[in-house]
Amino acid sequence: MEASLTSSFFMIFSGAAVLASIALYTRQPLLIAYIALGAIIGPYGTGWVTDLKLLAEIAEFGIIFLLFLLGLDMQPKSLLSTLKKATVVAIASSLTFALIGFGLAYSFGFSRTESLIVGAAMMFSSTIIGIKLLPTTALHHRHTGELMVGLLLLQDLIAIFVLLVLFSMSQGEFSSISLLRTLIALPILVFFAFTAVRYLLLPMLRRFDRFHEYIFLLAIGWCLGMSEAAHFLGLSTEIGAFLAGISLATSPISQYIAINLKPLRDFFLILFFFSLGARFDLGLLGEILLPAAVLAMLILTLKPIIFRYLIHGMSETKKLAWDLGFRMGQISEFSLLIAYVAAEMLLIGREASHLIQATAIISFVVSSYIVVFNYPTPIGISDKLRRD
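Residues numbered from 1 in each chain as written. Predicted model: local features only at pLDDT ≥ 70, side-chain atom pairs only at ≥ 80, totals over all residues. Heavy atoms only, no water.

### Considerations on the overall build of the protein
Here is the rule: Labels follow the DSSP assignment, with helices taken as runs of H or I lasting at least four residues and strands as runs of E lasting at least two, numbered in each case from the N terminus. Note that the radius of gyration is over C-alpha atoms, with the globule rule given as 2.2 Å times the number of residues to the power 0.38. Exposure classes here rest on a 1.4 Å probe applied to the protein chains alone. A residue is buried below 20% of its type maximum, exposed above 50%, and partly exposed in between. Throughout, a residue-residue contact means that at least one pair of heavy atoms, one from each residue, lies within 4.5 Å. Only the protein chains shown count as cover for residues, with accessible areas throughout obtained via the Shrake-Rupley method and a probe of 1.4 Å. Under the convention used here, Asp and Glu are negative, Lys and Arg are positive, and both His and the chain ends fall outside the count. Taken as the charge location is NZ of Lys, CZ of Arg, CG of Asp or CD of Glu.
If you tally the helices and strands in the protein, you get 15 helices and zero strands. A compact globule built from 388 residues would reach a C-alpha radius of gyration of about 21 Å, and the protein, at 20 Å, matches this within 12%. Overall size of the protein, expressed as C-alpha extent along the three principal axes, is 60 × 45 × 45 Å. Residues counted as buried form 53% of the 388 residues belonging to the protein. A fraction of 79% describes how many contacts in the protein between residues 6 or more apart in sequence connect residues 24 or more apart. When the accessible surface of the protein is summed, it comes to about 17,400 Å², and 68% of that surface belongs to carbon and sulfur atoms. Counting 25 positive and 23 negative side-chain charges, the protein places the centres of these two groups 12 Å from one another.

Shown next, in the form of structure tokens:
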């Protein structure tokens, strides 16, 4: 019998607490514990938690709040400057990673269409892994964060284009109207966000700043409202959440909001990583383990190198370029979305979909180890590397 939502939450968070304790004692990244828990008690493990569709939808809030809090820590002018510098790096790196994925998938006998979709899934780096493991308060990491966010936002736009192409493939022809609508929607949403903050939100915050519950409520409503508006306009909810945050970044109350929303973000991110491990069919592992391991190894090896040379070409230091390269050395939650959407539309088979999923999980795990053991992070295993 399917467990209730209350029972599922009990098993997820109690199990996460147990595995997180073991992870800390054995000096492992906490993200690994959450993914492992999903594999253990999910439908392909013991089957104690089976309502993954609902949990996956709930877990999306973690990504939304992550991007919202990220926007609160950034200044619009510096971000705009970074976006201009990062465009060439984002396009060049995405095309290179797509070719790597296509070539390897095709060499393992996948069809041309499946190989193209696998290649497209390799183009992006994980917003969650990158931002979750980046110190937010250390001043010497602010510039790293700006570059990372610039690259990830540009990758988000490329991912939206890829998803539009996938939807068009299912309909038999490419929809230029949908693409044009998306391109027009972004500046409209930016204009709306900054106008609404200036003339509506900031006056309300100044008037009722003594009521902390109201500030909390208004911030969440603004974040989710912008996410929904972005989704309605054909953009991603992540872009809407980030715009909601950055439009509030100039407010003196932005850091108060950020501090109070962090526990809520972490709650939903635990569900995200749990659902990632739980949705993977372990029965197909034997069929796709070799290509997934080879593809993950190529991605984990080549992404940091390629990012290092491209970012260093932007007149950034080698140290910063390597730092950013390793922090973005995995594939993305957008890769998983591409795998799920393409499989539902019957554009790829289960093996190709699970190849992308397995590559994502391997790259998430190994990349987390690399960063946690070598670079400052909020979940560092030593006091020297622990920075929040």
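### Some details on empty space enclosed by the protein
Note the cut-off: Both site types are read off a 1 Å grid over the protein atoms alone. A 1.4 Å probe that fits but cannot get out defines a cavity, while an open set with protein on both sides within 12 Å along at least five of seven lines defines a pocket; lining residues have an atom within 4 Å of a point. Grid points are joined across faces, edges and corners, and a volume is the space filled by probe spheres set on the points. Polarity classes work like this: nonpolar for Ala, Val, Leu, Ile, Met, Phe, Trp, Tyr, Cys and Pro, charged for Asp, Glu, Lys and Arg, and polar for all others, with Gly in that last group.
Within the structure shown, the criterion is met by two cavities of 30 Å³ or more. Each pocket or cavity is described by its volume, and for the second largest cavity that value is around 40 Å³. Those elements that place two or more of their residues in the lining of the second largest cavity are helix H3 (52-72) and helix H7 (142-171). The element contributing the most residues to the lining of the second largest cavity is H7, with four residues. Looking at the lining of the second largest cavity residue by residue, the classes come out as five nonpolar, one polar and one charged.

### Side note on H3
Rules: One less than the number of residues in a helix, times 1.5 Å, gives the span that helix is expected to have.
Helix length check: H3 (21 residues) gives 31 Å between terminal C-alpha atoms against 30 Å at 1.5 Å per residue, within 8%. The buried fraction of H3 amounts to 16 of the 21 residues, a majority that puts the element mostly inside the structure.

### Describing the packing of aromatic side chains
Rules: Two rings from Phe, Tyr or Trp (for Trp, the six-membered ring) form a pair when their centres are within 6.5 Å of each other. A pair whose planes differ by under 30 degrees is stacked, one over 60 is edge-to-face, and the rest are tilted.
Within this structure, the stated rule accounts for 15 aromatic pairs. When the centroid spacing of 5.8 Å and the interplanar angle of 25 degrees are considered together, the rings of Trp322 and Phe326 count as stacked. One end of the pair is Trp322 and the other is Phe326, both in helix H13 (residues 318-327) and four residues apart, which spans about a single turn. By relative accessible area, Trp322 is classed as partly exposed at 30%.

### Observations concerning the nonpolar core
The line we're drawing: Throughout this description, the term nonpolar core refers to a set of buried Ala, Val, Leu, Ile, Met, Phe, Trp, Tyr and Cys residues connected via side-chain atoms within 4.5 Å.
Formed by 132 residues in total, the largest nonpolar core has its most connected members in Phe68, Leu151, Trp222, Leu248, Ile257, Phe273 and Phe274. Every residue in contact with Phe273, bar those within four places of it in the chain, is listed here: Leu31, Tyr34, Ile35, Ile128 and Ile129.

### A closer look at the packing of helix H5 (residues 112-121) against helix H14 (residues 333-344)
Worth spelling out the cut-off: A fitted line through C-alpha atoms serves as each axis, taken over the contacting stretch for helices, and the angle formed by two N-to-C directions is quoted from 0 to 180°. Any angle that falls under 35 degrees is termed roughly parallel, while one over 145 is termed roughly antiparallel, one within 65 to 115 roughly perpendicular, and all others oblique.
Closest axis-to-axis distance for the H5/H14 pair is 8 Å, and the angle between their directions is 155 degrees. In terms of orientation, H5 and H14 fall into the roughly antiparallel class. In this structure, H5 contributes Ile117, Ala120 and Ala121 to the contact, and H14 contributes Ser335, Ile338 and Ala342. When its residues are assigned to classes, the contact of H5 with H14 shows five nonpolar, one polar and no charged.

### Structural notes on the side chain of His354
For His354, the position within the fold is in helix H15 (residues 350-374). By relative accessible area, which is 7% here, His354 ends up buried.

### Overview of a nonpolar patch on the surface
What counts is decided by this rule: Here, patches come from residues exposed beyond 30% relative accessible area and free of salt bridges, joined within 9 Å for like charges and within 5 Å for nonpolar side chains (Val, Leu, Ile, Met, Phe, Trp, Tyr). Whenever a carboxyl oxygen of Asp or Glu lies within 4 Å of a side-chain nitrogen of Lys or Arg, that contact is scored as a salt bridge.
On the surface, Tyr44, Leu282, Leu285 and Leu289 cluster together into a nonpolar patch covering about 330 Å² of accessible area. Position of Leu289 among the secondary structure elements: in helix H12 (residues 285-312). Using a relative accessible area of 42% as the deciding quantity, one classes Leu289 as partly exposed.

### Regarding the pattern of salt bridges
The full count for this structure, using the stated rule, is two salt bridges. Linking Arg265 and Asp266 is a salt bridge whose minimum nitrogen-to-oxygen distance equals 2.9 Å. Judged by its relative accessible area of 14%, Arg265 falls in the buried class. Residue Arg327 pairs with Asp323 through a salt bridge whose shortest N-O separation is 2.5 Å. You can see Arg327 and its partner Asp323 sitting in helix H13, four residues apart, about one turn around the helix.

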